[in-house]
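What the coordinates show
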Amino acid sequence: SQYEIYKLKSFEYVELCFMKVDNFVALKTVASLRPSHKVIQDHGLEWCQFDMVKNSFLVYINKLNWPEKHQCALTMFFMNIVSHLQWAEPFGKCALLLYAACIQCD
């Protein structure tokens, strides 16, 4: 929505989530005044959902011409999360998803 785009243009935090609509799963930025009850918050995403959401987020910030150093920092952050050796450990993916969700808010 225009509200999420405005927040991204202002370099404000926008939580990226998956929105389930019937049997269709769509990417949706969530920062509206009335978030849908069908939205899965960042900390509740599955690994494959997180991987797709981060790609979408990186495309959005590129289209909105975020400063290159911010784009590179976020790209490196996501790369380090998805390539971390911890993902192969028991509960490793859950730990990395929780870490990513907590760090993104800072």
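As the structure is a prediction and not an experimental result, all values here were calculated from the model.

A separate point is the nonpolar core. Core analysis: the biggest nonpolar cluster contains 15 residues, and Phe 50, Phe 57, Ile 61, Phe 78 and Ile 81 have the highest contact counts within it. Among the secondary structure elements, those contributing two or more residues to this core are α2 (47-63), α3 (68-82) and α4 (92-105). Among the elements that take part in this core, α2 stands out by supplying six residues, more than any other.

What follows is about the packing of α2 against α3. At a closest axis distance of 11 Å, the pairing of α2 and α3 adopts a crossing angle of 170°. Classed by the angle they form, the pair α2 and α3 counts as roughly antiparallel. Of the residues in α3, those in contact with Trp 47, Phe 50, Asp 51, Lys 54, Phe 57, Leu 58, Ile 61 and Asn 62 of α2 are Gln 71, Leu 74, Thr 75, Phe 78, Ile 81 and Val 82. In terms of residue class, the contact of α2 with α3 is made up of nine nonpolar, three polar and two charged.

What follows covers the side chain of Gln 71. Residue placement: Gln 71 occurs in helix α3. Side-chain polar atoms of Gln 71 contact the side chain of Asn 62, separated by 2.9 Å. Not counting the four nearest positions on each side in its chain, Gln 71 is found in contact with Ile 61, Asn 62, Asn 65 and Trp 66.

As a further point, take α2. Between its first and last C-alpha, α2 extends 25 Å over 17 residues, near the 24 Å set by a 1.5 Å rise per residue. Residues of α2 that are buried: Trp 47, Gln 49, Phe 50, Val 53, Lys 54, Ser 56, Phe 57, Leu 58 and Ile 61. Positive backbone phi, approximately 55°, marks Asn 65, located one or two places after α2.

What counts and how
- Residues numbered from 1 in each chain as written.
- Predicted model: local features only at pLDDT ≥ 70, side-chain atom pairs only at ≥ 80, totals over all residues.
- Heavy atoms only, no water.
- Core = buried A, V, L, I, M, F, W, Y, C linked by side-chain atoms within 4.5 Å.
- Buried < 20%, exposed > 50% of the residue type's maximum accessible area, 1.4 Å probe, protein only.
- Helix = DSSP H or I, 4+ residues; strand = E, 2+ residues; numbered from the N terminus.
- Axes fitted to C-alpha atoms, helices over the stretch in contact; angles between N-to-C directions.
- Parallel < 35°, antiparallel > 145°, perpendicular 65-115°, else oblique.
- Contact = heavy atoms within 4.5 Å.
- Nonpolar A, V, L, I, M, F, W, Y, C, P; charged D, E, K, R; others polar.
- Polar contact = N/O pair within 3.5 Å; in protein donor to acceptor, adjacent residues only side chain to side chain.
- Expected span 1.5 Å × (residues − 1).

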